[in-house]
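Listed here are the chains, written in short residue letters.
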Amino acid sequence: MKFEILHKDESTNARAGIIETTRGKIETPVFMPVGTQGTVKALSPEDLTDAGAQIILSNTYHLYLRPGHETVNKLGGLHKFMNWSRPVLTDSGGYQVYSLAKLRKITQDGVTFQSHIDGSRHFLGPRESMAIQKALGSDIVMAFDECAPYPADYEYVHNSVKLTSKWAKVCLDQELGEGQNLFGIVQGGMYSDLREMSAKELVEMDFPGYALGGLSVGEESDIRERVISETVQFLPDNKPRYLMGVGKPEDILEAVILGVDMFDCVMPTRNARNGSLFTDSGRLVIKNAAYIEDSAPVDENCGCYTCRNYSRAYLRHLFMANELLAYRLNSIHNIYYYIHFMDRIKNAIKDNKLLEFKKEFYKLRS
RNA sequence: GGAGAGGUUCCCGAGUGGUCAAAGGGAGCAGACUGUAAAUCUGCCGGCUAAGCCUUCGGAGGUUCAAAUCCUCCCCUCUCCA
């Protein structure tokens, strides 16, 4: 994997670059749609490429439980299995340590999960996570970390950072497949010194890319931005930086300004399924009665398949009637919005106009 | 014509003397979703000059301190038999 910065914005820390993987190039800043179970919910791979997706996310824990990584491997790996030939990044299962907190127990060696599907017990540690991700054949492999909750006291987070560093080293020692690249994940909660410690320990290990984990867990956006900026300063300039799980368009914009290159979030797809559509003037809740007879598209300026062909009134009808097409059309729009939002940010960086873009962005939604 | 069942707040449907503005569901209205246990979850859902009052349980009348609940008559639905 190769990462090259093509341009740096003059007035912010934003960068526009390109990641080269064996499965193709990824222009950054990039948004990666989330396809936890080997599918971006409601969308086909064609829908994703049409919307401009360059890389998608998938998940170690979920694919391990179902259908099983060995099964996926026997069927030719995740890309072939799901008919997606562009790059895939797999999360390690570290987020499930947080999201499935009630169903797991952490030890020094890893985490014992009780399956949310059938209650059976499964051990997932750094070795297991690497082996699973190797079998899946993803292009970017995430280290197995502990995503700490928020709020959490200093001692808890301190231990969490030490554990994450210990596991990161184990991950690094595991053999991966051809073309696979392992990213380390910085933890440290909202504590500046722990973020610094975590970042330095991981940078010492020399990963091809670094992620900021443990954010978007309920903290205020100003706290998040503080942590991002405090963390990024300890990360090498010439490696991609990935902010995990963030977020709203405005959150992403702020993080790009602070020097982040990669993002993922369930928000565009989940909100689409719940009737909330992203536009430059804010979120449009398609189920609102205001759109019953509205013949306009969701967003007049949007070039997505949904906006080119369907009215708000029709989308509202599909949603209210629980029609399956609603999920697909809404998801197409939101994913397109996010991806093109990143394109506009990227172009603004190349033109040294990111701050102007930001100003215009907030003006439109007020 | 005979026998039976029933009419409850937008809909379905509980409730058979006071704890009933009336369970529950649906529909509707609004909100939340941040490395997906999410096509999920939450709130509202008769009116008002609101810790109180007013109107409501097919219609009219009556019994009672008190009626969606008991009585009388009327109207209307449905099922079965002829």
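Anything mentioned here points back to the structure above.
Within every chain, residues take consecutive numbers counted from 1 along the sequence as written. As a convention, the first chain written is A and the first ligand written is 1, with the rest following in written order. Residues qualify for local features only when their pLDDT is at least 70, as the model is predicted, and side-chain atom pairs are given and counted only at 80 or more; totals for whole chains, interfaces and linings, by contrast, use all residues. Side-chain numbers come from the whole structure's heavy atoms, not from hydrogens or water.

Engineer: Is there a simple way to explain the overall build of chain A in this structure?
Structural biologist: Put simply, DSSP marks the helices as runs of H or I at least four residues long and the strands as runs of E at least two long, and each gets a number from the N terminus on. Check the secondary structure of chain A and you find 15 helices and 16 strands. Principal axes of the C-alpha set define a box for chain A whose edges measure 60 × 50 × 40 Å. Residue burial in chain A is summarised as follows: out of 366 residues, 56% are buried. Contacts are assigned to residue pairs with any non-hydrogen atoms lying within 4.5 Å of each other. Counting only contacts in chain A whose residues sit at least 6 apart along the sequence, the fraction spanning at least 24 positions is 67%. In short, Shrake-Rupley with a 1.4 Å probe defines the accessible areas, and a residue's cover is counted only from the protein chains shown. Split by element, the accessible area of chain A, about 15,500 Å² in all, is 47% carbon and sulfur. Charge counting follows a simple rule: Lys and Arg are positive, Asp and Glu are negative, and His as well as the terminal groups are ignored. Charged groups are reduced to one reference atom each: NZ for lysine, CZ for arginine, CG for aspartic acid, CD for glutamic acid. The average position of the 42 basic charges and that of the 47 acidic charges among the side chains of chain A differ by 3 Å. When accessible area is computed with a 1.4 Å probe and restricted to protein chains, residues below 20% of their type maximum are described as buried, those above 50% as exposed, and intermediate ones as partly exposed.

Engineer: How do you make sense of the protein's contact with RNA strand B when you look at a structure like this?
Structural biologist: In the vicinity of RNA strand B lie 43 residues, with S99, C147, S216, V266 and R273 positioned nearest. The sugar-phosphate backbone supplies 46% of the atoms of RNA strand B found within 4 Å of the protein. Contact between RNA strand B and V266: a phosphate oxygen at 2.3 Å from a main-chain N or O atom of the residue. For the surface near RNA strand B, the secondary structure elements donating two or more residues are β5 (56-59), α5 (94-99), β14 (262-265), α11 (267-273), α13 (312-320) and α14 (324-350). The greatest single-element share of the surface near RNA strand B, amounting to five residues, is contributed by α11. Here the residues of the surface near RNA strand B sort into 16 nonpolar, 16 polar and 11 charged. A molecule or strand has a residue near it when one of that residue's heavy atoms lies within 4 Å. Definition of a polar contact: a pair of N or O atoms within 3.5 Å, with one able to donate and the other able to accept a hydrogen when the atoms are protein atoms, and with sequence-neighbouring residues admitted only if both atoms are side-chain atoms. Under this grouping Gly is polar, as are all residues other than the nonpolar Ala, Val, Leu, Ile, Met, Phe, Trp, Tyr, Cys and Pro and the charged Asp, Glu, Lys and Arg.

Engineer: Can you help me understand unusual backbone geometry in this one?
Structural biologist: What is expected of a backbone is that most residues other than glycine have negative phi and most peptide bonds are trans. For the peptide bond that leads from T28 to P29, omega is 0°, which places it in the cis range. Within the secondary structure, P29 sits in the loop between β3 (24-28) and β4 (30-33). Phi is positive for S216, which is not a glycine, with a value near 55°. Locating S216 in the fold gives a position in the loop between β12 (209-212) and α9 (221-232).

Engineer: Could you clarify how one ought to interpret the environment of I257 in this entry?
Structural biologist: Mapped onto the elements, I257 comes out in helix α10 (residues 249-257). The exposure class of I257 is buried, given its relative accessible area of 12%. For the pair I257 and A14, spaced 243 residues apart in sequence, the C-alpha to C-alpha distance is 4.6 Å. Excluding anything up to four places from it in sequence, I257 contacts T12, N13, A14, L354 and K358.

Engineer: What's the story with α9 in this structure? I'm lost.
Structural biologist: Two residues of an α-helix separated by three or four positions point the same way, owing to the 3.6 residues in each turn. The span one expects for a helix is its residue count, reduced by one, times 1.5 Å. In a regular helix each residue adds 1.5 Å, so 12 residues correspond to 16 Å; α9 covers 16 Å between its end C-alpha atoms and thus fits that length. Listing the buried residues of α9 in full gives R224, V227, I228, E230, T231 and V232. In this fold, the buried residues of α9 make contact with β11 (181-186), α8 (192-205), β12, β13 (241-243) and α10.

Engineer: What exactly am I supposed to notice about the pattern of salt bridges here?
Structural biologist: Where charged atoms from two side chains of opposite charge come close, those side chains can pair. The salt bridge definition used is simple: a Lys or Arg side-chain nitrogen within 4 Å of an Asp or Glu carboxyl oxygen. Evaluated as defined, the whole model comprises 19 salt bridges. Across the salt bridge formed by K2 and E20, the nearest N and O atoms sit 3.9 Å from each other. Remark: E20 occurs in strand β2 (residues 15-21) and K2 occurs in strand β1 (residues 2-8); sequence separation between them is 18 residues. Since its relative accessible area comes to 45%, K2 is described here as partly exposed. Judged by relative accessible area, E20 falls into the partly exposed class, the value being 27%. Among the ionic pairs, R23 bridges to D139, the shortest N-O distance being 2.8 Å. Here the residue R23 occupies a position in the loop between β2 and β3, and D139 occupies one in the loop between α6 (126-136) and β10 (140-142), the gap between them amounting to 116 residues. Residue classification places R23 among the partly exposed residues on the basis of a relative accessible area of 34%. On the basis of relative accessibility, which here comes to 1%, the residue D139 falls in the buried class. Because the salt bridges share partners, they merge into one network encompassing K8, R15, D237, R241 and D261.

Engineer: Can you walk me through the pairing of β3 in this structure?
Structural biologist: Both faces of the sheet carry side chains from a regular strand, because those side chains alternate between them. Note on pairing: DSSP must find at least two bridges between two strands before they are called paired. Judged from the five bridges that link them, β2 and β3 form a sheet pairing that is antiparallel. Among the inter-strand pairings, E20 is bridged to a residue of β3, identified as K25. What sits between β2 and β3 in their antiparallel hairpin is a turn of two residues.

Engineer: What is the right way to look at the sheet that holds β1 in this model?
Structural biologist: What links the strands of a sheet is backbone hydrogen bonding, and the strands pair in either a parallel or an antiparallel sense. Read from one edge to the other, the open sheet built from three strands follows the order β1-β2-β3, with strand pairing classed as antiparallel. The strands lining the two open edges of the sheet, one partner per strand, are β1 and β3. Taken over all neighbouring pairs, the strand axes of this sheet differ in orientation by 15° on average, direction set aside. Fitted lines through C-alpha atoms give the axes, limited to the stretch in contact for helices. The angle between two N-to-C directions lies from 0 to 180 degrees.

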